[in-house]
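# Coordinate analysis (summary)
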Amino acid sequence: WLDRMDLVMVVMDSTLDPLNQVNLTILGNLDARKIPFIIVANKVDKKNSKASRIRSAFPHYKSGGISAKSGFNMEELYKTILKDLR
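Here the structure is a predicted model, which means the values were calculated and not measured.

Another aspect to go through is the pairing of strand 1 (residues 8-13). Pairing of strand 1 with strand 2 (residues 37-42) involves six bridges; the strand directions are parallel. Each bridged residue has a counterpart across the sheet, and for Asp13 the counterpart in strand 2 is Asn42. A crossover connection joins strand 1 to the parallel strand 2 through helix 1 (residues 24-32); in handedness this β-α-β unit is right-handed.

Attention now moves to unusual backbone geometry. With a phi close to 70 degrees, Lys43 is a non-glycine residue in the positive phi region. Tracing the sequence through the fold places Lys43 in the loop between strand 2 and helix 2 (51-57). In this structure, Asn73 is a non-glycine residue whose phi angle is positive, near 70 degrees. The topology assignment puts Asn73 in the loop between strand 3 (63-65) and helix 3 (74-85). With a relative accessible area of 30%, Asn73 lands in the partly exposed category.

Thresholds, definitions, all that
- Residues numbered from 1 in each chain as written.
- Predicted model: local features only at pLDDT ≥ 70, side-chain atom pairs only at ≥ 80, totals over all residues.
- Heavy atoms only, no water.
- Pairing = 2+ DSSP bridges.
- Helix = DSSP H or I, 4+ residues; strand = E, 2+ residues; numbered from the N terminus.
- Right-handed = clockwise from strand over helix to strand, strands pointing away.
- Buried < 20%, exposed > 50% of the residue type's maximum accessible area, 1.4 Å probe, protein only.

Below is the structure:
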């Protein structure tokens, strides 16, 4: 089913340890198959949010921080998605 994806968003909670939230095998498969993906750090509106932990854990992959609840940075995410789909 991965081969049918145009783009994958891997959404993580920026208040939690990123390495406990994602299956590294999936990221490796996406990368190996050259399927574009974005790691999205959600909940950046929370006091204990550390989107930088997610960027540090996965420095070779595209990532960005958003708040799905408040809508913060959603426009940037949409622009990134559209850019990657072209």
